[in-house]
Amino acid sequence: MSSVAPEAELDVAVIGGGMVGLASALALRERDVRVVLLDPGEARARTSYGNAGVISRGSIFPMSSPALWAKLPSYLRNADRGLRLRHAHVARVIPWTAHFLAAARTSAWERAAAALLPLTSAALAEHARLADRAGAAHLLSRPGWIKLYRTDDAFASAELERAILRRHGIALDILDSDAIRDVEPALVRTYARGMLLPETGAVSDPGALVEAYERLFLDLGGQILRQAALRLVPVEDGWQIHHAAGVVRARQVVLAAGAASAEIARGLGYRFAFAAERGYHRHFALHPDSPPLTRPVLDTGAGSILAPMGDGRVRVLSGVELNARTAAPDYHQIEAASREAAGTLRLGAPLDNRPWMGVRPSTPDGMPVIGAAPRHRGLIFAFGHGHIGLSTGAITGRLVADLATGATPAIPLAPFAPQRLLGWPCWRLPKEERRSA
Ligand SMILES: Cc1cc2nc3c(=O)[nH]c(=O)nc-3n(C[C@H](O)[C@H](O)[C@H](O)COP(=O)(O)OP(=O)(O)OC[C@H]3O[C@@H](n4cnc5c(N)ncnc54)[C@H](O)[C@@H]3O)c2cc1C
């Protein structure tokens, strides 16, 4: 890893070396911009390391949906397997909660889906391009993924999701119990229905993909400083980035520090409606007599994902825990998810000593923040990718590079503007909903 001379003339400093920061740094280097990337550097600390590796065109649905109101009582009782609330913490993220509730309506859900579609549609191709350059194409495949429903009622309740997917031309195949067994014979649990989304890629080792992109960035002449940015200070001709060992100067800064981004932005006076959605994983070996699991599956009844990670390993991933980013891990959810997984696949003993925890950088409307800071020149925000940051991180990098170099972004960025999360939500129903209410 290189050190950076304090007097070095850098064009851009990128804060954060997860998928979003790394892809931004890479895209800037590809345009010959002089870039330094700051990250304290523990690979497992990145959420980009431990996710499910799903890159799906159909991942366009924010967690705050019109179904929220029916689910709220079970959410509040922590009776839903997909979400665990630390009640005391919810009071500390009131702006996030207010925006989250305000987004739980059909029109907002549909708008967010339409805004996210260009990002998710470009995600796989951009990863394929980068992985190819990075010599990591073997980590990417395109097996599709399946959402599994344990009952016909659960399947019926996802009708709006299917209608929106179809409206956007996203391919999907509906499977009955027999068809599920045919396409994924490793599943021993009987599911009522499944939805196969074939336009979906899978990464067999997301941590290795991030590391391959990091090597590519260095090969292209990028610099990495293994330091946490402690303070960002605007100066006349750009920025000073203070870290424990000194100061870096750059004309522009990209803030892409995942779930830590809002705290860093707060130092400059920006109070984002933002929260940490923690998630866990644990690895298991499939029983030697089991057929392989050939694609990631989401068991909607368990609120968890099972993803094949190569070498016969299965990664079991939990749903969402809403809690402080830095609070001690709470393994309740991943233990429950692991028990459910043992009824779904023929699993052996866990392969890790203890589960991994990561933190999804969460915006309440399910859309990332990508755009110029409203009150500072030369500061670009790129964070809040929630459940889809591994997949949409790569294309976000291109958009950040467009912003930093003055090019017109290839995808409309208005829906991702930082301003929308810097105040209170608008509670008024839009005209079309007022008419139908
Ligand atoms: C259980 C689970 C399953 C998931 N599954 C998927 C999936 O299948 N597909 C998908 O697309 N997404 C998935 N995600 C979401 C995805 O992993 C995240 O959206 C993504 O990793 C966010 O990337 P990031 O670069 O913003 O953050 P991170 O990967 O967390 O990187 C942030 C980086 O910033 C650094 N940093 C923090 N503070 C500072 C500082 N002060 N100075 C410098 N650097 C700093 C950190 O060290 C870290 O390396 C999942 C997440 C979880 C938890």
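Structure first, text after, so check above.
Values in this document were obtained by computation on a predicted structure and should not be read as measured data.

Draft legend 1. Seen up close, the pattern of salt bridges. A full pass over the atoms with the stated rule returns 25 salt bridges. A salt bridge links arginine 167 to glutamate 110; the shortest N-O distance between them is 3.4 Å. Residue arginine 167 is located in helix α7 (residues 159-167), and its partner glutamate 110 is located in helix α5 (residues 106-133); the two are separated by 57 residues in the primary sequence. The salt bridge partner of glutamate 321 is arginine 278, with a shortest N-O separation of 3.0 Å. A residue pair is termed long-range when its members are at least 10 positions apart, and glutamate 321 in strand β18 (residues 320-322) and arginine 278 in strand β14 (residues 275-286) qualify at 43 residues.

Draft legend 2. Representation of helix α11 (residues 332-342) in the model. Along α11, the residues that are buried comprise Gln333, Ile334, Ala337, Ser338, Glu340 and Ala341. Projected onto a plane normal to the axis of α11, the buried residues spread over an arc of 160° and lie on a single side. Within α11, the exposed residues directed more than 90 degrees away from the buried face are Arg339 and Ala342. The secondary structure elements touched by the buried residues of α11 are β4 (83-85), β14, β16 (304-308), β17 (313-317), β18 and β19 (347-350).

Draft legend 3. Structural view of the site of the ligand. Around the ligand sit 34 residues, and of these Asp39, Ser48, Ala229, Gly386 and Ser391 come closest. The contact in question runs from a nitrogen atom of the ligand to an N or O atom on the backbone of histidine 387, over 2.9 Å. For the ligand, whose unbound accessible area comes to 1,000 Å², protein coverage reaches 93%. When contributions to the shell around the ligand are tallied by element, the ones reaching two or more residues are α1 (19-30), β20 (356-362) and α12 (389-405). Take the shell around the ligand: its biggest share by element is three residues, from α12. Taken together, the residues of the shell around the ligand break down into 16 nonpolar, 15 polar and three charged.

Draft legend 4. Examining unusual backbone geometry more closely. In this structure, aspartate 32 takes a positive phi of about 65° despite not being glycine. By secondary structure assignment, the location of aspartate 32 is in the loop between α1 and β2 (35-38). According to the relative accessible area criterion, aspartate 32 is exposed, its value standing at 62%.

Draft legend 5. Quick look at the packing of aromatic side chains. All told, the structure shown has 11 aromatic pairs when counted by the stated rule. An angle of 85° between the planes, with centres 5.2 Å apart, marks the rings of tyrosine 270 and phenylalanine 381 as edge-to-face. With a gap of 111 residues between them, tyrosine 270 in the loop between α10 (261-266) and β14 and phenylalanine 381 in strand β22 (residues 379-383) connect regions that are remote in the sequence. Judged by its relative accessible area of 1%, tyrosine 270 is buried. Among the aromatic side chains, those forming a connected cluster through ring pairs are Tyr270, Phe272, Phe274, Phe381 and Phe383.

Draft legend 6. Summary view of the side chain of threonine 120. Along the chain, threonine 120 turns up in helix α5. What makes threonine 120 buried here is its relative accessible area of 3%. Within the structure, threonine 120 has its side chain in polar contact with the backbone oxygen of leucine 117 (distance 3.2 Å).

Conventions used here
- Residues numbered from 1 in each chain as written.
- Predicted model: local features only at pLDDT ≥ 70, side-chain atom pairs only at ≥ 80, totals over all residues.
- Heavy atoms only, no water.
- Salt bridge = Lys/Arg side-chain N within 4 Å of Asp/Glu carboxyl O.
- Helix = DSSP H or I, 4+ residues; strand = E, 2+ residues; numbered from the N terminus.
- Buried < 20%, exposed > 50% of the residue type's maximum accessible area, 1.4 Å probe, protein only.
- Arc of directions from axis to C-beta.
- Contact = heavy atoms within 4.5 Å.
- Near = heavy atom within 4 Å.
- Polar contact = N/O pair within 3.5 Å; in protein donor to acceptor, adjacent residues only side chain to side chain.
- Areas by Shrake-Rupley, 256 points an atom, 1.4 Å probe, with all protein chains shown as cover.
- Nonpolar A, V, L, I, M, F, W, Y, C, P; charged D, E, K, R; others polar.
- Phe/Tyr/Trp six-rings, centres within 6.5 Å; stacked < 30°, edge-to-face > 60°.

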